[in-house]
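Here are the chains, one letter per residue:
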Amino acid sequence: MDKWNVIFDIDGVIVDSEQLHFDVLLDVLSDALGEQAPDQIADIQPQQLIGLSLEETLDKVGCPSSMQQDITQKIISRYKTKLSGHYLRPGITNLITALQQNGTNFGFVSTAPRDVCLTNLGLLDLYELPALISGDDVERTKPFPDPYLAMLRLKAMDVHQTLVIEDTDLGIAAAKQAGIPSIYAWPHALSLTEQYEQATGVIVKLADIPQFEGIV
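Everything numeric here is computed off the predicted structure, so don't read it as measured data.

1. Brief notes about unusual backbone geometry
- With an omega of 15 degrees, the peptide bond between K142 and P143 qualifies as cis.
- As for its position among the elements, P143 is in the loop between β3 (132–133) and α6 (146–154).
- Within the chain, A156 stands out as a residue other than glycine whose phi angle is a positive 50 degrees.
- Inspection of the secondary structure assignment puts A156 in the loop between α6 and β4 (162–166).
- For A156, a relative accessible area of 68% puts it in the exposed group.

2. A few points about the domain arrangement of the protein
- Taken domain by domain, the protein comprises domain 1 (5–16 + 85–212) and domain 2 (17–82).
- Taken over C-alpha atoms, the centre of domain 1 sits 24 Å from the centre of domain 2.
- Taken together, the 20 residues of domain 1 in the interface contact 16 residues of domain 2.
- In this assembly, domain 1 packs against domain 2 so that about 1500 Å² is buried in total across both faces, 62% of it on carbon and sulfur atoms.
- When the area that domain 1 buries against domain 2 is broken down by residue, the three leading residues are Y87, V116 and L190, summing to 33%.
- Among the salt bridges present, the one from K80 reaches D115, with a minimum N-O distance of 3.1 Å.
- Counting across the interface, domain 1 meets domain 2 through five residue pairs in polar contact (both at pLDDT 80 or more).

3. A few points about the pairing of strand β5 (residues 182–185)
- Here β5 shows a buried face lined by S182 and Y184 and a second buried face lined by I183 and A185.
- With four bridges connecting them, β4 and β5 associate as parallel partners. Within the sheet, the bridge partner assigned to E166 lies in β5 and is A185.
- Following the backbone out of β4, through helix α7 (residues 169–177) and into the adjacent parallel β5, one traces a crossover that is right-handed.
- Direction of pairing for β5 relative to strand β6 (residues 201–202): parallel, over a ladder of two bridges. Its bridge partner being in β6, Y184 is matched across the sheet by G201.

Definitions and cut-offs
Residues numbered from 1 in each chain as written. Predicted model: local features only at pLDDT ≥ 70, side-chain atom pairs only at ≥ 80, totals over all residues. Heavy atoms only, no water. Helix = DSSP H or I, 4+ residues; strand = E, 2+ residues; numbered from the N terminus. Buried < 20%, exposed > 50% of the residue type's maximum accessible area, 1.4 Å probe, protein only. Domains from an automatic or database assignment. Contact = heavy atoms within 4.5 Å. Buried area = accessible area lost by both parts, 1.4 Å probe. Salt bridge = Lys/Arg side-chain N within 4 Å of Asp/Glu carboxyl O. Polar contact = N/O pair within 3.5 Å; in protein donor to acceptor, adjacent residues only side chain to side chain. Pairing = 2+ DSSP bridges. Right-handed = clockwise from strand over helix to strand, strands pointing away.

Here you go:
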């Protein structure tokens, strides 16, 4: 494992937070818009939104552009108050600890705002500030390769010795376009409609990834 770099997605991989994001979104929109809420909100299913940035999500549910900045801040604030350690996915804390102890080069990539990313990563036992590329750090986010290319540069990762853990087809497409050959999909309850056709493999648990053999 020493020669391998690892890039983690965050929402859906580090934390099983997709349902929480959806619930917070609906609560804030209901409070902010009331009876003026767009009709399409009632028809949106949470699995339709996984992998999207918050801006893309608000556009998809028909939130008026004039209100998006205020609603974005309310969503972030409410999400942070509701997040807790029980959203961490099984085995992820032990894996991160093992990677830190053996000196593995790793980082985190997400479409979410940096503030949300740091809140999620705050649930982990990290020795230092994480290497992070958030949705705030690139002009184009997933499915474009820009976030993964930025992480490869930031951490001086050899693309051929790097593996990615994702939960969405959008994220897998981004990593693939960045030239990363080893991409594993880790499904959860809201990712059942994903196809994972471009993934190297689909795992049930972290130990299913060959590079993690013996450490998780």
